[in-house]
Amino acid sequence: MKASKFVSTRSVTTKLMTTASVGALLFGLSAAAQADNWRYAHEEYEGDVQDVFAYAFKEYIEDNSDHTVQVYRFGELGESDDIMEQTQNGILQFVNQSPGFTGALIPEAQIFFIPYLLPTDEETVLTFFDESKAINEMFPELYAEQGLELLKMYPEGEMVVTTDEPISSPEDMDNKKIRTMTNPLLSETYDAFGATPTPLPWGEVYGGLQTGIIDGQENPIFWIESGGLYEVSPHLTFTGHGWFTTAMMANQDFYEGLSEEDQTLVNEASEAAYDHTIEHIKGLAEESLAKIQEASDEVTVTRLDEEQIQAFRERAPQVEEAFLEMTGEGGQELLEQFKADLEAVTNE
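Throughout, residues of each chain are indexed from 1 in the direction in which the sequence is written. Residues qualify for local features only when their pLDDT is at least 70, as the model is predicted, and side-chain atom pairs are given and counted only at 80 or more; totals for whole chains, interfaces and linings, by contrast, use all residues. In computing side-chain properties, one takes all heavy atoms of the structure into account and sets aside hydrogens as well as water.

**Q** I would appreciate a short explanation of the packing of helix α2 (residues 49-63) against helix α11 (residues 260-281) in the present structure.
**A** Helix-helix packing is characterised by the crossing angle of the two axes and by the distance between the axes. With axes taken as lines fitted to C-alpha atoms, and helix axes fitted only over the stretch in contact, angles between N-to-C directions fall between 0 and 180 degrees. Each helix is a run of H or I in the DSSP string that is no shorter than four residues. Each strand is a run of E no shorter than two, and both are numbered from the N terminus. Viewed as axis vectors pointing N to C, α2 and α11 meet at an angle of 140°, and their least axial separation amounts to 8 Å. Looking at the two axes, α2 sits oblique to α11. In this structure, the crossing between α2 and α11 has a hand that is right-handed. Contacts between α2 and α11 involve Val-49, Val-52, Phe-53, Ala-56, Phe-57, Tyr-60 and Ile-61 on the former and, on the latter, Leu-265, Val-266, Glu-268, Ala-269, Ser-270, Ala-272, Ala-273, Tyr-274, His-276, Thr-277, His-280 and Ile-281. Three classes are used, and their members are as follows: Ala, Val, Leu, Ile, Met, Phe, Trp, Tyr, Cys and Pro are nonpolar, Asp, Glu, Lys and Arg are charged, and the others, Gly among them, are polar. Taken together, the residues that form the contact of α2 with α11 break down as 14 nonpolar, 4 polar and 1 charged. Oblique is the label for every angle not falling under 35 degrees (roughly parallel), over 145 degrees (roughly antiparallel), or within 65 to 115 degrees (roughly perpendicular). By definition, turning the near helix anticlockwise from the far helix through less than a right angle yields a left-handed crossing, and turning it clockwise yields a right-handed one. Throughout, a contact is declared for two residues whenever any of their heavy atoms are within 4.5 Å.

Dropping the structure here:
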């Protein structure tokens, strides 16, 4: 009797444990069903600014939820056009893409390629991105029209031109084939500067410089360093004509389908990534230039003085005019707000 009683008791205990285990498993499966793996692609290499932003976003999401974020760097899912198409089709949930490429989709995004519109002073630029009504209120509406939820727009660094010979005037640009992104207004800018704009996918730029298919290109200094562009295009010119800007966004259907809690999570992660990235880019240009100069004796650095800059700046109005022709009344309104925002931060 005692034995059978013992077995019976053990049997009941086992059943209770099994039931509890199954319950825990089902609860776990239920929780797992709520945890998603989100796919996020950007345009740069490991350690570059967009990568820093992506991993700060990923870390915040994973530290504050059961969701995971898979980050894809440049080339892993194709070129910029490919990852945008994948995002619009819902294959990717998040994408980081500069207006240089988005300009074909959202013409107004080309505003960042009007030369000498943005100041070169880092602190002023960062304040502008924080406070600008054009960026924080008007741009999200433009992106929404293309099925994109604009989460953050941020600067990466001042644009620097690299060429096969030193440049100090528009005349030095004559007949120079300068690589541009597939962006009509950027082509207009280099046309105004006297060069021959030559659209080329990023993956072909290094080889193009090496073989002379192109004579130069523009990018932030950290990208010139990480991509090794100075090795085949050693003459760096700080023209002061603009900053490289990028945007992090989500597929809008995906974003709107999230719970209120997850939308808040995504927004907070975007803000945290932005704050982290802004700290990261402070002083980054100086560090990158030092690395370039240490790596190569052939590199020359030309910083245009105010008189030299003025010769380029005088050619900017035709680019602004082209922007307005491309974008119409909406572009005019955006440009006016952009200038008002800049004036506000400049006078602070």
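That was the structure; now back to the text.
**Q** For this particular structure, what's the right way to read the packing of aromatic side chains?
**A** Aromatic ring pairs: the centre-centre distance and the angle between the two ring planes describe each pair. To pair, rings of Phe, Tyr and Trp, with the six-membered ring standing in for Trp, must have centres within 6.5 Å; the planes then decide the type, stacked if under 30 degrees apart, edge-to-face if over 60, and tilted in the middle. In this structure the tally under the stated criterion is 19 aromatic pairs. On the basis of an interplanar angle of 15° and a centroid distance of 6.1 Å, the ring pair of Phe-112 and Phe-129 is categorised as stacked. Placement of Phe-112 in the loop between α4 (99-102) and α5 (122-131) and of Phe-129 in helix α5 is noted, with a sequence separation of 17 residues between them. Residue Phe-112 shares its accessibility class with Phe-129, and that shared class is buried. Among the aromatic residues, those joined into a ring-pair cluster are Phe-112, Phe-128, Phe-129, Phe-139, Tyr-143 and Phe-338. Comment: the charge-over-ring label is applied if NZ (Lys) or CZ (Arg) is within 6 Å of the ring centre and within 35 degrees of the ring normal. One Lys or Arg, Arg-303, reaches over the ring of Phe-238 and ends 4.0 Å from the middle of that ring. Burial classes follow relative accessibility: with a 1.4 Å probe on protein chains only, a residue under 20% of its type's maximum area counts as buried, one over 50% as exposed, and anything between as partly exposed.

**Q** Before we go on, may I ask you to explain unusual backbone geometry in this structure?
**A** With glycine set apart, most residues show a phi of negative sign, and most peptide bonds adopt trans. Here the phi dihedral of Tyr-116 falls at roughly 65°; this positive angle occurs in a residue that is not glycine. By secondary structure assignment, the location of Tyr-116 is in the loop between α4 and α5. Phi at Asn-175 is positive, roughly 65°, even though this residue is not glycine. Locating Asn-175 in the fold gives a position in the loop between β4 (148-163) and β5 (177-180).

**Q** Please explain the nonpolar core as it appears in this structure.
**A** Buried together is how nonpolar side chains tend to be arranged in soluble globular proteins. Ranked by size, the top nonpolar core spans 101 residues in total, and within it Phe-57, Phe-94, Ile-111, Phe-112, Phe-139, Tyr-143 and Phe-338 carry the most contacts. Sequence-distant contacts of Ile-111, that is, excluding residues within four places in its chain, are made with Leu-117, Phe-139, Phe-323, Leu-334, Leu-335 and Phe-338. Throughout this description, the term nonpolar core refers to a set of buried Ala, Val, Leu, Ile, Met, Phe, Trp, Tyr and Cys residues connected via side-chain atoms within 4.5 Å.

**Q** When you look at α11 in this model, what are you seeing that I'm missing?
**A** One turn of the α-helix equals 3.6 residues, which is why residues spaced by three or four share an orientation. What a helix is expected to span follows from its residue count: subtract one and scale by 1.5 Å. With 22 residues, α11 extends 32 Å from end C-alpha to end C-alpha; this agrees with the ideal 32 Å at 1.5 Å per step. Every buried residue of α11 is accounted for by Asp-262, Leu-265, Val-266, Ala-269, Ser-270, Ala-273, Tyr-274, Thr-277, Ile-278 and Ile-281. Directly after α11, the chain includes Gly-283, whose backbone phi takes a positive value near 80°.

**Q** Would you mind showing me how to read the pattern of salt bridges here?
**A** When charged atoms on two side chains of opposite charge get close, those side chains can pair. Should a side-chain nitrogen of Lys or Arg be within 4 Å of a carboxyl oxygen of Asp or Glu, the pair is scored as a salt bridge. Taken as a whole and assessed by the stated rule, the structure comprises 10 salt bridges. Here Arg-313 and Glu-306 are joined by a salt bridge, their closest N and O atoms 2.9 Å apart. One salt bridge connects Glu-320 with Lys-339, and the closest N-O pair in it is separated by 2.9 Å. On the basis of relative accessible area, Glu-320 is assigned to the partly exposed category, the value being 22%. On the basis of relative accessibility, which here comes to 36%, the residue Lys-339 falls in the partly exposed class. Connected via shared salt-bridge partners are Asp-164, Glu-165 and Lys-176.

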